[in-house]
Amino acid sequence: MLDQKQLHSLWKENPCWMFTGEEICEICNVSQNVVSRVKAMPDSPFFLNKCRPEWFLDWMRQHPEFQLTKAYPCEPEVRPAKLSSTPAKKRSSKLATRSS
């Protein structure tokens with residue numbers, strides 16, 4: 001397998017060259033898991049398991065929800081008061097009987 005520097009020169013010198021998933025990993029500095037997940041998407045840029053790095057990068061830019069980040073997922077929204085008021089009343093009545 002070619003190293004990252006050789007793959008970059010091959011990419012720049014041959015605009016028609018298609019790269020395998022493993023080579024895309026090296027060129028774009030992503031894991032094999034990311035490439036596998038992209039391949040599984042219905043609008044994947046891969047054709048016959050090969051792709052151009054610019055196609056892959058464009059696809060990643062168009063799918064920001066697919067980006068890997070270190071950010072925590074959004075916290076769930078707070079439920080309406082109706083759903084949480086019933087258990088709270090039961091707890092308060094139990095507390096009232098215990099303190100008496």
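The following paragraphs examine the structure supplied in this document. (Residues numbered from 1 in each chain as written. Predicted model: local features only at pLDDT ≥ 70, side-chain atom pairs only at ≥ 80, totals over all residues. Heavy atoms only, no water.)

**Points about unusual backbone geometry**
A positive phi angle is found at L48, which is not glycine, with a value near 55 degrees. Inspection of the secondary structure assignment puts L48 in the loop between α3 (32-40) and β2 (50-51). (Helix = DSSP H or I, 4+ residues; strand = E, 2+ residues; numbered from the N terminus.)

**Description of the packing of aromatic side chains**
Taken as a whole, this structure holds one aromatic pair when the rule is applied. Ring centres of F46 and F56 lie 6.3 Å apart, and the angle between their planes is 70 degrees; this geometry places the pair in the edge-to-face category. You can see F46 sitting in the loop between α3 and β2 and its partner F56 sitting in helix α4 (residues 53-62), a full ten residues away along the chain. Since its relative accessible area comes to 12%, F46 is described here as buried. Over the aromatic face of F46 sits the side chain of K39, whose NZ or CZ is 5.3 Å from the ring centroid. (Phe/Tyr/Trp six-rings, centres within 6.5 Å; stacked < 30°, edge-to-face > 60°. Buried < 20%, exposed > 50% of the residue type's maximum accessible area, 1.4 Å probe, protein only. Lys NZ or Arg CZ within 6 Å of the ring centre and 35° of its normal.)

**Examining the packing of helix α2 (residues 21-28) against α3**
At a closest axis distance of 9 Å, the pairing of α2 and α3 adopts a crossing angle of 125 degrees. As the angle between them shows, α2 and α3 are arranged oblique. Once α2 is placed against α3, the crossing between them reads as right-handed. Packed against α2, whose contacting residues are G21, E22, I24 and C25, the element α3 presents Q32, V35 and K39 at the interface. (Axes fitted to C-alpha atoms, helices over the stretch in contact; angles between N-to-C directions. Parallel < 35°, antiparallel > 145°, perpendicular 65-115°, else oblique. Left-handed = near helix turned anticlockwise from the far one by under 90°. Contact = heavy atoms within 4.5 Å.)

**Focus on the side chain of S44**
Along the chain, S44 falls in the loop between α3 and β2. At a separation of 3.2 Å, a polar atom in the side chain of S44 contacts the main-chain amide nitrogen of F46. (Polar contact = N/O pair within 3.5 Å; in protein donor to acceptor, adjacent residues only side chain to side chain.)

**Some remarks on the pattern of salt bridges**
Tallying each qualifying case throughout the model produces two salt bridges. With a closest N to O distance of 3.0 Å, E54 and R52 form a salt bridge. Where R61 meets D58, a salt bridge forms, and the shortest distance between an N and an O atom there is 2.8 Å. Here D58 and R61 lie together in helix α4, a separation of three residues that amounts to about one turn. Owing to a relative accessible area of 59%, R61 belongs among the exposed residues under this scheme. (Salt bridge = Lys/Arg side-chain N within 4 Å of Asp/Glu carboxyl O.)

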